[in-house]
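As a plain string of letters, each chain reads:
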Amino acid sequence: QVQLVESGGGLVQPGGSLRPSCAASGSIFRLNAMGWYRQAPGKQRELVAVINSGGSTNYADSVKGRFTISRDNAKNTVYLQMNSLKPEDTAVYYCKADYVTIGGYWGQGTQVTVSS
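These figures come from a predicted structure and were not determined experimentally. (Residues numbered from 1 in each chain as written. Predicted model: local features only at pLDDT ≥ 70, side-chain atom pairs only at ≥ 80, totals over all residues. Heavy atoms only, no water.)

Another point: the sheet that holds strand 7 (residues 67–72). Spatially, 1-3-8-7 is the arrangement adopted by the four strands of the open sheet, whose pairing is antiparallel. If you trace the sheet from one side to the other, it starts and ends with strand 1 (3–7) and strand 7, each paired once. The mean angle between the axes of side-by-side strands here comes to 15 degrees, regardless of whether they run parallel or antiparallel. Of the strand pairs in this sheet, strand 1 and strand 3 (residues 21–25) are connected by five bridges, and their pairing is antiparallel. Following the sheet pairing, Q3 is matched in strand 3 by S25. (Pairing = 2+ DSSP bridges. Helix = DSSP H or I, 4+ residues; strand = E, 2+ residues; numbered from the N terminus. Axes fitted to C-alpha atoms, helices over the stretch in contact; angles between N-to-C directions.)

This part takes up a nonpolar patch on the surface. A surface patch of nonpolar side chains, amounting to about 310 Å² of accessible area, comprises I28, F29 and I102. Tracing the chain through its elements places F29 in the loop between strand 3 and strand 4 (31–39). (Patch = residues over 30% accessible without salt bridge, like charges linked within 9 Å, V, L, I, M, F, W, Y side chains within 5 Å. Areas by Shrake-Rupley, 256 points an atom, 1.4 Å probe, with all protein chains shown as cover. Salt bridge = Lys/Arg side-chain N within 4 Å of Asp/Glu carboxyl O.)

Another point: the nonpolar core. By size, the foremost hydrophobic cluster in this structure holds 28 residues, and its most contacted members are W36, L80 and Y93. If you tally residues by element for this core, the top one is strand 9 (residues 91–99), at five residues. (Core = buried A, V, L, I, M, F, W, Y, C linked by side-chain atoms within 4.5 Å. Buried < 20%, exposed > 50% of the residue type's maximum accessible area, 1.4 Å probe, protein only.)

With that settled, the discussion passes to unusual backbone geometry. The phi torsion of most residues other than glycine is negative, and most of the peptide bonds are trans. Of note, N76 is a non-glycine position whose phi angle comes to about 50 degrees, a positive value. Mapping N76 onto the fold places it in the loop between strand 7 and strand 8 (77–82). Classification of N76 as partly exposed rests on a relative accessible area of 29%. Even without being a glycine, S84 presents a positive backbone phi close to 50 degrees. Secondary-structure assignment places S84 in the loop between strand 8 and strand 9.

A few words now on the environment of L4. The topology assignment puts L4 in strand 1. For L4, a relative accessible area of 8% gives the class buried. With 92 residues separating them in the primary sequence, L4 and K96 have C-alpha atoms 7.9 Å apart. Other than its neighbours up to four places away in sequence, L4 contacts C22, A23, A24, C95, K96, A97, Y105, W106, G107 and Q108. (Contact = heavy atoms within 4.5 Å.)

Here we take up the state of the cysteines. In total, this model carries one disulfide according to the counting rule given. Bridging C22 to C95, the disulfide has an S-S length of 2.2 Å. Between C22 and C95, the S-S torsion sits near -75 degrees, and that sign places the bridge as left-handed. Placement of the pair is C22 in strand 3 and C95 in strand 9, with a sequence separation of 73 residues. An identical accessibility class is assigned to C22 and C95; each is buried. (Disulfide = S-S within 2.5 Å.)

Scope: geometric values only; no functional claims are made or implied.
Given below as structure tokens:
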């Protein structure tokens, strides 16, 4: 049973930083891409950043230069360093793990709130 456990969300003031993480477990199959998505109230879920097994990354234009995605392949863990946070970054952030054979799985989500 694949499990994705997220942590590291929270409340932060504008301009602040957070570093959520997501650890994947429960599968013998190889992980391909891991990524972060977010969903704000009343909006569709959108891609924030993704990183493949080789380390190549892709970011939403709205977070380029502020967010950095990284992963530890030995721990099957992905991180999202979020700097210079803005109120419009407020959302539930979801981790996704794509396995080569069995497809994609989602985490339960972690709330990020940027407010003074």
